[in-house]
Amino acid sequence: MSEVLQWAVASKPAAEALVGVIGAGVMGAGIAQVAAQAGHPVRLMDVREGAAAAAHAQIAKALEGLVVKGRMDATEREAVLARIHPVSAMADLAGAALVVEVIIEKLEPKQALLRELDALLPPDALIASNTSSISITALANGLQRPGRLVGMHFFNPVPLMKLVEVVSGAETQASVADAIYELSRRWGKSPVHAKSTPGFIVNRIARPYYAETLALLLEQAGTPAQLDRALRSVGFRMGPCELMDLIGHDTNFLVTQSVFEANFGDKRYMPSLVQKALVDGGRLGRKVGKGFYEGVPAAPAPVERQGAEDLPTVQLLGEGLLVDGLAQALQAAGVAFQRQAQAVWAGLALGELQLRLSDGRCAAELAQQAAHAELAVIDWPVQGPRTEALALAFAPRCSESGRAQALQLFAALGWAPLVLRDAPGLVVARTLAMLVNEGADTVWQGVCDEAAADQAMKLGVNYPAGPFEWLAQLSVARVVQTLDALFEACRNERYRVSPLLRHRLWAD
């Protein structure tokens, strides 16, 4: 093992290993700060005049904030700052043991820079790219030593976000990927291994979170506020629409286009006409004051609980964790109910009114197949008694009294009723099924393992659970049934079931 690999995986003093960072933007400055806090001397380079010095000043300001909050003492702050040296010439990086490039997210400029680094650095030095979507295999093309190039994808803000995707291209040596993995751990991060495919782990698995909401908006199933609230009620910190407003629709649209094109037009990653209209109209999100929302969306009004005394006896039908969640919600609200585990469908019944848990079919289809007009579909109450809002859709001939009963039960449970157009899969069921499916395909295709998929989504984008944790909660049968129903309803290949899920269903 080379000396460079030894300092990455063993206990050699970090002071012996010089780290170079090229690109003094927000991400580059964050990586430089993290490396310096781990004890490395750092050379922060940018060809723009004064950019590296300005980044150093920003790091100083950020560290001062830590001192004020009592998370760092003044002596340590000065030591960290002293380890970071702004430079403007590639030659200043000649002795680095590791160089991380954080320049513009375009293939050609990155390739040119990496080839220059490859010629400059010692043979045993490592080179990392912070690219979020460009193929590491493509970046390594033309290098004399392609085996030493690895992806080291940090997440913003770098000092706070724990995840690092360690991405191996076709030529990346396993020992190099392992060394960067261990180095990331020494820097206080939680790394995951990934194979270089479009989007890696996080940006790939996350696509349905935006895509399904955009599809629902195109279908006029609900408003941005309704769809956001439904998914926040599952535990997401932000709904898709407000998150896209925060990211910037131009940025989010470009990433979607990139993933779509890199996957040769796979319909699963198709960009949305809804988002294109926002970009074309200059509604780019919070940075311009308007996107889906005008500025920051207002918080929804709290739900006032009401009594259920006038309702028919509530029947709880079916089995599984979602049904258990309904039971817990009823118990927490003090709503009496009778339970029937063996049932043809899962959900709630109030006299003639059926409130069926979504299986991907719309209420109109279910009502027609059952020859039963008093019917609605309800979304998945994944949080059980902590559910704050829930989507539902009524069959076309459901009576006004039936609709009123459903809304009264929701009020008794403390749920804000999000009455949507009768779109297949509603919001949560459709989105979670697709997130699970994308995670399953990511593992099936060898991009990462299940644990890495779960860890990446929780640490990289703050999801309340990972795809395989949701799968364990929802069951393979429910997810596959939902996806198959969505495919039948939409005849769109984006809803094709991952072979991993299909095989697990057959094995059960």
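These notes cover the structure that comes with them. (Residues numbered from 1 in each chain as written. Predicted model: local features only at pLDDT ≥ 70, side-chain atom pairs only at ≥ 80, totals over all residues. Heavy atoms only, no water.)

**Remarks on empty space enclosed by the protein**
With a probe scaled to a water molecule rolled over the atoms, the places where space remains empty come into view. Considering all chains together, one arrives at two cavities of 30 Å³ or more under this definition. Considered as a void within the structure, the largest cavity measures approximately 90 Å³ in volume. Arg 207, Tyr 210, Ala 211, Leu 214, Asn 252, Thr 256, Arg 268, Tyr 269, Met 270, Pro 271, Ser 272 and Gln 275 together form the lining of the largest cavity. Per element, the largest residue contribution to the lining of the largest cavity is four residues, and it comes from helix α9 (residues 207-218). (1 Å grid on protein atoms, 1.4 Å probe; cavity = no way out; pocket = protein on both sides within 12 Å on 5 of 7 lines; lining within 4 Å. Points joined across faces, edges and corners; volume = space filled by probe spheres on them. Helix = DSSP H or I, 4+ residues; strand = E, 2+ residues; numbered from the N terminus.)

**Some details on the pairing of strand β1 (residues 19-22)**
Across the two faces of β1 the burial is the same, with Val 19 and Val 21 and Gly 20 and Ile 22 all buried. With four bridges joining them, β1 and strand β2 (residues 42-45) adopt parallel strand pairing. By the bridge assignment, Val 19 is partnered in β2 with Val 42. Taken together, β1, helix α2 (residues 26-37) and β2 constitute a β-α-β crossover, and its handedness is right-handed. Sheet analysis places β1 next to strand β4 (residues 98-101), joined by four bridges and oriented parallel. Counterpart to Gly 20 in the pairing with β4 is Val 99. (Buried < 20%, exposed > 50% of the residue type's maximum accessible area, 1.4 Å probe, protein only. Pairing = 2+ DSSP bridges. Right-handed = clockwise from strand over helix to strand, strands pointing away.)

**What to know about the packing of α9 against helix α11 (residues 240-247)**
Interaxial distance between α9 and α11 falls to 9 Å at its minimum, and their mutual angle equals 115°. Judged by the inter-axis angle, α9 sits roughly perpendicular to α11. Between α9 and α11 lies a crossing of left-handed hand. Here Tyr 209, Tyr 210, Thr 213, Leu 214 and Leu 217 of α9 lie close against α11, whose contacting residues are Pro 240, Cys 241, Leu 243, Met 244 and Ile 247. A per-class count over the contact of α9 with α11 returns nine nonpolar, one polar and no charged. (Axes fitted to C-alpha atoms, helices over the stretch in contact; angles between N-to-C directions. Parallel < 35°, antiparallel > 145°, perpendicular 65-115°, else oblique. Left-handed = near helix turned anticlockwise from the far one by under 90°. Contact = heavy atoms within 4.5 Å. Nonpolar A, V, L, I, M, F, W, Y, C, P; charged D, E, K, R; others polar.)

**Quick word on the packing of helix α18 (residues 450-460) against helix α19 (residues 467-474)**
Contact pair α18 / α19: the axes reach a minimum separation of 7 Å and the direction vectors enclose 105°. Comparing their axes, α19 and α18 come out roughly perpendicular. Facing α18, whose interface residues are Glu 450, Ala 453, Asp 454, Met 457 and Lys 458, α19 presents Pro 467, Phe 468 and Glu 469. Its residues assigned to classes, the contact of α18 with α19 shows four nonpolar, no polar and four charged.

**A word on α9**
Here α9 is twelve residues long and its end C-alpha atoms lie 16 Å apart, about the 16 Å a rise of 1.5 Å per residue gives. Across the twelve residues of α9, eleven count as buried, placing the element largely inside the fold. Those residues of α9 not exposed but buried are Arg 207, Pro 208, Tyr 209, Tyr 210, Ala 211, Glu 212, Thr 213, Leu 214, Ala 215, Leu 216 and Leu 217. Residues of α9 that are buried make contact with α8 (202-205), α10 (224-232), α11, α12 (249-262), α13 (273-280) and α17 (428-444). Downstream of α9 by a residue or two, Gln 220 has a phi angle that is positive, lying close to 55°. (Expected span 1.5 Å × (residues − 1).)

**Digging into α10**
Among all positions of α10, only Leu 227, Asp 228, Arg 229, Ala 230 and Leu 231 are buried. The elements touched by buried residues of α10 are α9, α11, β14 (389-394), β15 (416-419) and α17.

**A look at the sheet that holds strand β5 (residues 126-129)**
Taken in spatial order, the eight strands make up an open sheet running β3-β2-β1-β4-β5-β6-β7-β8, and their pairing is mixed. In this open sheet, the two strands that pair with only one neighbour each are β3 (84-87) and β8 (190-195). Here the strands of the sheet are splayed against their neighbours by 25° on average, with no regard to which way each runs. Pairing analysis gives six bridges linking strand β7 (residues 163-168) to β8, with the strands arranged parallel. Bridging across to β8, Val 166 finds its partner in His 193. Across the sheet, helix α4 (residues 74-83) touches β2 and β3, and the angle it forms with β3 is around 35°. Its contacts with the sheet put α18 on β7 and β8, and the angle it makes with β8 is roughly 125°.

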